[in-house]
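An overview of the molecular structure
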Amino acid sequence: MTYRIVCLTWLTVGLGLLAPPSVAERNLIPSLEKIPDVCSERPNEPDWMQNIALRDAYQRVLVQDIYRAQSMARIVETGSCDCATRFPTWDSAESTFRENHADADRSEMLQASDIYNRRANELRPQAQAICEAAGNW
């Protein structure tokens, strides 16, 4: 009797491994593509940001923080959350970085990042409400 149970168990395991995944299981396979839920046609970061050396990554983070703060401010100021308002080109954030922070040292850039993050976080609830009403959050 024990031999029969062991054989049936191994047969069940073997068939389970050979069976194709169900539809639900196939939907759990992660995709390597990063496709956002809203505004899928977002502008890419500038090349220099994507190719920056790891030791200088704080510069990239600062530009990203500037971009986010400017985006939240624009949404709140205009009361609009269309894709062009929420995800414009990176020109303005890059310009702000170059004019105000490019000559700063690492410590000063980290402090500036903190300031831009705080500003973005202050505006986020208002921007989120506007964007949710537009179905764009």
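Now for a description of the structure that goes with this document. Just so you know, these numbers come straight off a predicted model, no measurement behind them.

Points about the packing of aromatic side chains
With the rule as written, the count across this model stands at two aromatic pairs. Relative to Phe97, the ring of Trp48 lies with its centre 5.8 Å away and its plane at 25°, an arrangement referred to as stacked. In this pair, Trp48 is assigned in helix H3 (residues 47-50) and Phe97 in helix H6 (residues 91-100), connecting sequence segments 49 residues apart. In this structure Trp48 comes out as partly exposed when scored by relative accessible area, which is 26%. Ring geometry for Tyr67 and Trp90: centres 3.8 Å apart, planes at 15°, overall stacked. Linking Tyr67 in helix H4 (residues 57-78) with Trp90 in the loop between helix H5 (83-86) and H6, this pair joins segments that are 23 residues apart in sequence. As far as burial versus exposure is concerned, Tyr67 and Trp90 are alike and both buried.

Describing the state of the cysteines
Taken as a whole and judged by the stated rule, the model has two disulfides. In this model Cys39 forms its disulfide with Cys83; the gap between the sulfur atoms is 2.1 Å. As the torsion about the S-S bond is roughly -90°, the Cys39-Cys83 disulfide counts as left-handed. Note that Cys39 is positioned in the loop between helix H2 (23-26) and H3 and Cys83 in helix H5, a separation of 44 residues in sequence. For the chain, the bonded cysteines connect in the pattern 1-3, 2-4 when numbered consecutively along the sequence.

Scoring rules and cut-offs
- Residues numbered from 1 in each chain as written.
- Predicted model: local features only at pLDDT ≥ 70, side-chain atom pairs only at ≥ 80, totals over all residues.
- Heavy atoms only, no water.
- Phe/Tyr/Trp six-rings, centres within 6.5 Å; stacked < 30°, edge-to-face > 60°.
- Helix = DSSP H or I, 4+ residues; strand = E, 2+ residues; numbered from the N terminus.
- Buried < 20%, exposed > 50% of the residue type's maximum accessible area, 1.4 Å probe, protein only.
- Disulfide = S-S within 2.5 Å.

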